[in-house]
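A structural walkthrough
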Amino acid sequence: MKITLVQEVQLKNLKNGYKEIRKTFDSNIMPHEGDFVTDSVWQDSYEYRVREIVINYEENNVHVLLEPVILETNNNEALNEYYEMVKLHNWE
């Protein structure tokens, strides 16, 4: 089954900006709301809680919405730098 992790990366004040990142991979483990997910992209906090699951049986795909990453700044350049960093960990 294809699993797609979806997460927002937000500035400290959400209305100042955010980006959505995603990572897709194959897995036979079905995530559940409340589970924690870990990935090499997160340095400070190595795991994030699953907030919502959407299962598309027709396409054999599961979308997993994770808690957002909230940057401690309102600088859009920091948001862009974070976005470039996640690409190095196979996120889009």
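To start, this report covers the structure provided alongside it. These figures come from a predicted structure and were not determined experimentally. (Residues numbered from 1 in each chain as written. Predicted model: local features only at pLDDT ≥ 70, side-chain atom pairs only at ≥ 80, totals over all residues. Heavy atoms only, no water.)

Between its terminal C-alpha atoms helix α1 (residues 76-87) stretches 17 Å, which fits the 16 Å expected from 12 residues at 1.5 Å a residue. Among the structural elements, β1 (2-10), β2 (18-26) and β6 (69-70) are those in contact with the buried residues of α1. The N-cap of α1, judged by a side-chain oxygen 2.6 Å from the amide nitrogen of Glu77 a few residues on, is Asn75. (Helix = DSSP H or I, 4+ residues; strand = E, 2+ residues; numbered from the N terminus. Expected span 1.5 Å × (residues − 1). Contact = heavy atoms within 4.5 Å. Polar contact = N/O pair within 3.5 Å; in protein donor to acceptor, adjacent residues only side chain to side chain.)

Ranked by internal contacts, the top residues of the largest apolar core, which has 20 residues, are Trp42, Leu66, Tyr82 and Trp91. If you list the elements that add at least two residues to this core, you get β1, β4 (47-56), β5 (61-66) and α1. (Core = buried A, V, L, I, M, F, W, Y, C linked by side-chain atoms within 4.5 Å. Buried < 20%, exposed > 50% of the residue type's maximum accessible area, 1.4 Å probe, protein only.)

Its volume calculated, the second largest pocket comes out at about 160 Å³. Looking at the lining of the second largest pocket, the elements that each hand over two or more residues are β1 and β3 (36-38). Taken together, the residues of the lining of the second largest pocket break down into 10 nonpolar, one polar and one charged. (1 Å grid on protein atoms, 1.4 Å probe; cavity = no way out; pocket = protein on both sides within 12 Å on 5 of 7 lines; lining within 4 Å. Points joined across faces, edges and corners; volume = space filled by probe spheres on them. Nonpolar A, V, L, I, M, F, W, Y, C, P; charged D, E, K, R; others polar.)

A few words now on the packing of aromatic side chains. Taken as a whole and judged by the stated rule, the model has two aromatic pairs. With 4.9 Å between their ring centres and 55° between their planes, Trp42 and Tyr48 make a pair best called tilted. Here the two residues Trp42 and Tyr48 agree in accessibility, since each one is buried. Here the aromatic residues Trp42, Tyr48 and Trp91 are joined through ring pairs into a cluster of three or more. Above the ring of Tyr83, the side-chain terminus of Lys19 is found at 5.1 Å from the ring centroid. (Phe/Tyr/Trp six-rings, centres within 6.5 Å; stacked < 30°, edge-to-face > 60°. Lys NZ or Arg CZ within 6 Å of the ring centre and 35° of its normal.)

Next up on the list: the environment of His32. Looking at where His32 falls in the secondary structure, it is placed in the loop between β2 and β3. A relative accessible area of 47% means that His32 is categorised as partly exposed. Sequence separation between His32 and Val86 is 54 residues, and the spatial gap between their C-alpha atoms is 24 Å. If sequence neighbours within four positions are ignored, His32 has contacts with Val50 and Ile53.

The analysis is restricted to geometry; functional conclusions fall outside its scope.
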